[in-house]
Amino acid sequence: MILDEEVFAVILAVSIIASALGIALTLRPLNPEPFTVIGLLNEDCRIGEYPKTVLNGSALKLCIYVANYLGEPAYLKVVYKIATNTTLPNTTRPSPQPAIMEWRLVLNNNEEKEFKVSVPVYMLSNVTRVALVFELWQYSYAKGDWIYTGRWVHLYINVGV
Amino acid sequence: MTKVSSQLFPALIVVAVLAMMHVVCAHAEQSFDYRVAEAAKRLGELYRKGVNVTDVVRLLDNAVKAFEDGNYSEASRLLNASLNRIAELEAVADRIYMFNLFTKALIIAILAAIPLLIYIFLPRLYLYLWFRSRRRWVVRR
């Protein structure tokens, strides 16, 4: 059987589509949707089994997960605050509570890091159910200051006396 | 009054020294942050040119860790080492960028040529293989 014209056309069409797809993948932007990630894990760096109650003034061991998908290396910091349900951060505004601890890190693009932390937990003006808030900030070279990324995690916890 | 003043004066000096130390530390922290951010920005430019900056990022992260641990001399040493390494990479960044650009252009040219090569050579190749596989055939009436 000599190569049929229709079969040849199909092979040619498939090759054209594969070629166009390959070119599109080669020319695609490196990072079309830049974003950062922060996650809260338990002291074994696993999701779940978070402590529900701690003694007032005691230290709590947790694990923080941070990832950078901004398309370039970034200088980040995680800020720890204790808040109530009225002083939680949102995507545009960090919590108004003062920072208690912070951890800085430099992450490459597509890099993620987990690190264990020990944070103090205490009651806020006799409120026993507090939120442990971890906010992600990025240093802006242009502004010369830390900028809140709009990413945070929080864990509600009962503080016992 | 004089006795109170003599007791208050050293306390005021201590408070003033502590306040000055706080200001100096805050300034040093801001300055360090700015220098690290400047290094990160330069690393971003290198990264976009296709330079592998993983080792420098690790070095810079170690500098930040040393600073947080209060080991300022080590932090400064690591930061300077990072900046030196960045300067070295910047010197070859354009060459790497051109090489990556050339590689990408070559890949695109090869991919674009595939349909054309199939159009030109596939019928010939097919015919060649078709006749080759039947070269021992004998034509009978």
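Next up on the list: the overall build of chain B. In terms of regular secondary structure, chain B is built from three helices and zero strands. Secondary structure elements of chain B, listed N to C terminal, follow the sequence α-α-α. Of all intrachain contacts in chain B linking residues separated by at least 6 positions in sequence, the fraction that spans at least 24 positions is 66%. About 10,400 Å² of surface is accessible on chain B, with carbon and sulfur atoms providing 66% of the total.

Tallying secondary structure elements over chain A gives one helix and eight strands in all. Going from the N terminus to the C terminus, chain A shows its helices and strands as α-β-β-β-β-β-β-β-β. Relative to the compact-globule value of 15 Å for 161 residues, chain A shows a C-alpha radius of gyration of 24 Å, a clear excess of over 25%. Each of the three principal axes of chain A carries a C-alpha extent, and together these read 90 × 40 × 25 Å.

On to the packing of helix H2 (residues 54-68) of chain B against helix H3 (residues 72-133) of chain B. Residue and element names in this part refer to chain B. As a packed pair, H2 and H3 sit with axes 8 Å apart at the nearest point and diverge in direction by 160°. Looking at the two axes, H2 sits roughly antiparallel to H3. Here H2 runs over H3; the crossing is left-handed. When H2 is examined against H3, the residues Val-56, Leu-59, Leu-60, Asn-62, Ala-63, Ala-66 and Phe-67 are found in contact with a partner set consisting of Tyr-72, Glu-74, Ala-75, Leu-78, Leu-79, Ala-81, Ser-82, Arg-85, Ile-86 and Leu-89. Its residues assigned to classes, the contact of H2 with H3 shows 13 nonpolar, two polar and two charged.

Strand order in this open sheet of five strands is S2-S8-S7-S4-S5 (chain A), and the pairing throughout is mixed. The sheet is open, and its two borders are formed by strand S2 (53-55) and strand S5 (101-107) of chain A, each paired with just one other strand. The mean inter-strand angle of the sheet, taken between neighbouring strand axes irrespective of direction, is 35°. Bridge count between strand S7 (residues 129-140) of chain A and strand S8 (residues 145-160) of chain A: 12 bridges; the pairing is antiparallel. Directly across from Ser-140 of chain A, in S8 of chain A, lies its bridge partner Asp-145 of chain A. Of the strands in this sheet, strand S4 (74-83) and S5 of chain A are in contact with H2 of chain B, which crosses S5 of chain A at around 165°.

Many descriptions give the size of an interface as the accessible area lost when the pieces come together. With 38 residues of chain B in contact, the opposing surface of chain A contributes 32 residues. The junction of chain B with chain A conceals about 3,100 Å² of combined surface from both sides, 66% of it contributed by carbon and sulfur atoms. Counting across the chain B and chain A interface gives four salt bridges. At the junction of chain B and chain A, the tally comes to 11 residue pairs in polar contact (both at pLDDT 80 or more). Mapped by element, the contributors of at least two residues to the side of chain B that touches chain A are helix H1 (2-48), H2 and H3 of chain B. Classifying every residue of the side of chain B that touches chain A gives 24 nonpolar, three polar and 11 charged.

For the rest of this paragraph, the subject is the nonpolar core. Grouped together as the largest cluster of nonpolar side chains are 30 residues, with contacts concentrated most on Tyr-75 of chain A together with Phe-32, Val-36, Leu-43 and Leu-46 of chain B. Among the elements of the structure, S4, S7 and S8 of chain A together with H1, H2 and H3 of chain B are those that each provide at least two residues to this core. The next biggest cluster of nonpolar side chains, apart from the first, holds 28 residues, and it includes Val-121, Leu-124, Phe-134 and Ile-157 of chain A.

Pairing between sheet strands relies on hydrogen bonds along the backbone, with the strands arranged either parallel or antiparallel. All names here are of chain A. Spatially, the three strands line up as an open sheet ordered S1-S3-S6, and their pairing is antiparallel. Each edge of the open sheet is held by one strand with a lone partner, namely strand S1 (35-41) and strand S6 (111-120). Averaged over all neighbouring strand pairs, the angle between strand axes comes to 20°, with direction disregarded. One ladder, built from seven bridges, connects S1 with strand S3 (residues 59-69); its direction is antiparallel. Among the inter-strand pairings, Phe-35 is bridged to a residue of S3, identified as Tyr-69.

Our next topic: H2 of chain B. The end-to-end C-alpha distance of H2 of chain B, which contains 15 residues, comes to 21 Å, matching closely the 21 Å that a straight helix rising 1.5 Å per residue would cover. Listed as buried for H2 of chain B are Val-56, Val-57, Leu-60, Asp-61, Ala-63, Val-64, Ala-66 and Phe-67 of chain B.

Reading guide: rules and limits
Residues numbered from 1 in each chain as written. Chains lettered and ligands numbered in written order. Predicted model: local features only at pLDDT ≥ 70, side-chain atom pairs only at ≥ 80, totals over all residues. Heavy atoms only, no water. Helix = DSSP H or I, 4+ residues; strand = E, 2+ residues; numbered from the N terminus. Contact = heavy atoms within 4.5 Å. Areas by Shrake-Rupley, 256 points an atom, 1.4 Å probe, with all protein chains shown as cover. Rg over C-alpha atoms; globule rule 2.2 N^0.38 Å. Axes fitted to C-alpha atoms, helices over the stretch in contact; angles between N-to-C directions. Parallel < 35°, antiparallel > 145°, perpendicular 65-115°, else oblique. Left-handed = near helix turned anticlockwise from the far one by under 90°. Nonpolar A, V, L, I, M, F, W, Y, C, P; charged D, E, K, R; others polar. Pairing = 2+ DSSP bridges. Buried area = accessible area lost by both parts, 1.4 Å probe. Salt bridge = Lys/Arg side-chain N within 4 Å of Asp/Glu carboxyl O. Polar contact = N/O pair within 3.5 Å; in protein donor to acceptor, adjacent residues only side chain to side chain. Core = buried A, V, L, I, M, F, W, Y, C linked by side-chain atoms within 4.5 Å. Buried < 20%, exposed > 50% of the residue type's maximum accessible area, 1.4 Å probe, protein only. Expected span 1.5 Å × (residues − 1).

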